[in-house]
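Residue-level structure breakdown
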Amino acid sequence: MYSVPAIAIRQLLVSGGSTMAAAEVARQMSEGARNLSLSGHVGFDSMPDQLVNKSVCQGFCFNILCVGETGLGKSTLMDTLFNTRFEGDPAAHNQPGVHIKSNNYELQESNVRLKLSIVNSVGFGDQINKEESYKSIVEFIDAQFEAYLQEELKIKRTLHNYHDSRIHVCLYFIAPTGHSLKSLDLVTMKKLDSKVNIIPIIAKADSISKNELQKFKIKIMSELVSNGVQIYQFPTDDETVAEINGTMNAHLPFAVVGSTEEIKIGNKMMKARQYPWGTVQVENESHCDFVKLREMLIRVNMEDLREQTHTRHYELYRRCKLEEMGFKDTDPDNKPFSLQETYEAKRNEFLGELQKKEEEMRQMFVMRVKEKESELKEAEKELHDKFDRLKKLHQDEKKKLEDKKKSLDDEINAFKQRKTAAELLQSQAQQSGSQQTLKREKERKNFF
């Protein structure tokens, strides 16, 4: 058992589950050790104070996921819970799917700093087909787990400075129908219950009567149990908070009303919603369960929610991831595993698969080269055949042209011969004509 009182342990609030790890180490070291009495004050009883001072100096982080249909007052409830106004533009609800929007804030109360992340599921329940509305939410939660796991697996880790973005609690807003849970609500909570601490709340609880509200609560819890949905139960193992947590577990789901408007009631300014028929006081426990929600979520169980996220949900994710990578707690002989041996085995397995893939790729390359060579040979053969055909065609055309040229030359020679003969005949005819002319002139002269 721990040497520090339970109430002091509850106040330590060491981030990331380090308190549980330190307590486990202390328990293991104390097993089999002798109990000795001190003869004087030593000072190690100041350890709780040292841890508190260190934690206060580092600050704390808390991440809230708000899931619910549009118009159920998620943003208003967050403003009311932390007594401030988180500035931000209202998101457009015309998305084709569910969009995750995360906003980070830094709050300070007294000397304690809180890094608060509010994650809202924009467009949840707005689509006609709501079958896959939960997927983007699950993927976002897994992405935060994966980021933390990758930081843990680094050789040089900086977890003390790491901004833990893992979701510590999911406030699931249920529409105040007064009848039963919608199929969308049951499916979504069933997908989320192994990944995050779910606290169901009935939003805008002032819209149904008190009797209907009580019946609605019973109906919701009955449907959750019958469908196997595991919601977050406030812990009762610590004696200091067992009574109040046990009582509050019976009030689940909380019926809440949120408002940032302050109205003067009597001599006090109180957060309330004013209607024509009266006023609903947010912090009046007879009007709604807002005070119960704030008490359980922030003032009593905030550290348990952080611890459950680390020791339960994150460990489940981490175990599944490491098992997928081939790491196990025991080897095939049921002996404690050696990280080095597991690494070498996985390395050899990886190298074997790599060599096998290289051989397959080499064979595939050789086969493709052979196929390409055969294709090139076929193409070369076709080119040669085509060349031969063209060559033969060229030779035939050339022979035809030569024959035609020869016939033309013969015609030209015959024409020249005819021309020469014609010219010779013409010259002979001219000579004979001139001789006859001379003879006639001579005969005429003789006549006279």
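Structure: above.
Below, the structure is looked at part by part.

Criteria and cut-off values
- Residues numbered from 1 in each chain as written.
- Predicted model: local features only at pLDDT ≥ 70, side-chain atom pairs only at ≥ 80, totals over all residues.
- Heavy atoms only, no water.
- Pairing = 2+ DSSP bridges.
- Helix = DSSP H or I, 4+ residues; strand = E, 2+ residues; numbered from the N terminus.
- Contact = heavy atoms within 4.5 Å.
- Axes fitted to C-alpha atoms, helices over the stretch in contact; angles between N-to-C directions.
- Parallel < 35°, antiparallel > 145°, perpendicular 65-115°, else oblique.
- Buried < 20%, exposed > 50% of the residue type's maximum accessible area, 1.4 Å probe, protein only.
- Phe/Tyr/Trp six-rings, centres within 6.5 Å; stacked < 30°, edge-to-face > 60°.
- Left-handed = near helix turned anticlockwise from the far one by under 90°.
- 1 Å grid on protein atoms, 1.4 Å probe; cavity = no way out; pocket = protein on both sides within 12 Å on 5 of 7 lines; lining within 4 Å.
- Points joined across faces, edges and corners; volume = space filled by probe spheres on them.
- Nonpolar A, V, L, I, M, F, W, Y, C, P; charged D, E, K, R; others polar.
- Expected span 1.5 Å × (residues − 1).
- Bend = angle between axes of the 7 residues up to and from the residue.
- Salt bridge = Lys/Arg side-chain N within 4 Å of Asp/Glu carboxyl O.
- Core = buried A, V, L, I, M, F, W, Y, C linked by side-chain atoms within 4.5 Å.

**Looking at the sheet that holds strand β1 (residues 60–67)**
Here six strands make up an open sheet; going across it, the order is β2-β3-β1-β4-β5-β6 and the pairing mixed. A strand with exactly one partner marks an edge of an open sheet, and here the two such strands are β2 (99–109) and β6 (254–255). One ladder, built from eleven bridges, connects β2 with strand β3 (residues 112–122); its direction is antiparallel. Residue Tyr105 lies in a different strand from β3, and its bridge partner there is Leu116. Helix α6 (residues 183–192) rests against β1, β4 (169–174) and β5 (198–202) of the sheet, and its axis sits at about 170° to β4.

**Thoughts on the packing of helix α5 (residues 135–152) against helix α10 (residues 302–324)**
Between α5 and α10, the least distance of the axes is 10 Å, while the angle of their chain directions is 80°. One element, α5, and the other, α10, form an angle in the roughly perpendicular class. Where α5 approaches α10, its residues Asp142, Phe145, Glu146, Tyr148, Leu149 and Glu152 are matched on the opposing element by Thr309, His310, His313, Tyr314, Tyr317, Arg318 and Lys321.

**A short note on the pairing of β4**
Burial analysis of β4 places six of its six residues in the buried class, the great majority of the element. On β4, burial covers both faces: Val169, Leu171 and Phe173 on one face and Cys170, Tyr172 and Ile174 on the other are all buried. Bridge analysis of β1 against β4 gives four bridges, and the strand direction is parallel. Counted as the bridge partner of Cys66 is Leu171 from β4.

**A short note on the packing of aromatic side chains**
Applying the stated rule across the entire model yields ten aromatic pairs. Between Phe86 and Tyr105 the ring centres are 4.5 Å apart and the planes differ by 45°, which places this aromatic pair in the tilted class. Here the residue Phe86 occupies a position in the loop between α4 (74–81) and β2, and Tyr105 occupies one in strand β2, the gap between them amounting to 19 residues. Given the relative accessible area of 13%, Phe86 is considered buried. According to the relative accessible area criterion, Tyr105 is partly exposed, its value standing at 21%. Ring centres of Tyr148 and Tyr314 lie 5.0 Å apart, and the angle between their planes is 85°; this geometry places the pair in the edge-to-face category. Here Tyr314 lies in helix α10 and Tyr148 lies in helix α5, a separation of 166 residues in the sequence. Tyr148 sits in the buried class, given a relative accessible area of 7%. Taken together through their ring pairs, the aromatic side chains of Phe145, Tyr148, Tyr162, Tyr314 and Tyr317 make up a single cluster.

**So, the packing of helix α8 (residues 239–249) against helix α9 (residues 290–300)**
Contact pair α8 / α9: the axes reach a minimum separation of 11 Å and the direction vectors enclose 140°. By the criterion of interaxial angle, the relationship of α8 to α9 is oblique. With respect to the hand of their crossing, α8 and α9 are arranged in left-handed fashion. On the side of α8, the interface is formed by Val241, Ile244, Asn245 and Met248, while α9 contributes Lys292, Glu295, Met296 and Val300.

**Some details on empty space enclosed by the protein**
Summed over the entire model, instances satisfying the criterion amount to two cavities of 30 Å³ or more. Its volume calculated, the second largest cavity comes out at about 30 Å³. Lining the second largest cavity, in full, are Ile174, Ala175, Thr177, Ser180, Lys182, Asp185 and Phe216. Partitioning the lining of the second largest cavity into residue classes produces three nonpolar, two polar and two charged.

**Topic: α10**
Between its first and last C-alpha, α10 extends 32 Å over 23 residues, near the 33 Å set by a 1.5 Å rise per residue. Approximately 35° is the largest bend angle found in α10, and it occurs at Glu315. Where α10 is concerned, the buried positions are Met302, Glu303, Asp304, Leu305, Arg306, Glu307, Thr309, His310, His313, Tyr314, Tyr317 and Leu322. The first or second residue beyond α10 is Gly326, which carries a positive phi of 100°.

**Topic: the pattern of salt bridges**
Evaluated as defined, the whole model comprises 18 salt bridges. Glu223 serves as the salt-bridge partner of Lys219, at 4.0 Å between the closest nitrogen and oxygen. Linking Lys219 with Glu223, this pair stays in helix α7 (residues 210–226), spanning four residues, or about one helical turn. The partly exposed category is assigned to Lys219, whose relative accessible area is 39%. Between Glu315 and Arg318 there is a salt bridge, and its shortest N-O distance comes to 3.6 Å.

**Description of the nonpolar core**
Among the nonpolar cores identified, the biggest contains 76 residues, and Leu171, Ile199 and Phe254 are the most heavily contacted of them. The dominant element in this core, judged by the number of residues it contributes, is α5, at seven residues. Residues contacting Leu171, with those up to four places away along its chain left out, are Ile64, Leu65, Cys66, Val67, Met78, Leu81, Ile199, Ile201, Leu293 and Leu297.

**Let's talk about the sheet that holds strand β7 (residues 262–265)**
Pairing between sheet strands relies on hydrogen bonds along the backbone, with the strands arranged either parallel or antiparallel. The antiparallel open sheet is built from three strands, whose spatial order is β7-β8-β9. Each edge of the sheet is formed by a strand with only one pairing partner; in this case those strands are β7 and β9 (278–281). The average angle at which neighbouring strand axes cross in this sheet is 65°, direction not considered. Sheet analysis places β7 next to strand β8 (residues 268–275), joined by four bridges and oriented antiparallel. Within β8, the position partnered with Ile263 by the bridge is Met270.

**With respect to α4**
When you tally the buried positions in α4, you get six out of eight residues, the bulk of the element. Within α4 the residues assigned to the buried category are Lys74, Leu77, Met78, Asp79, Thr80 and Leu81. Positive phi shows up at Asn83, right after α4, with a value of about 55°.

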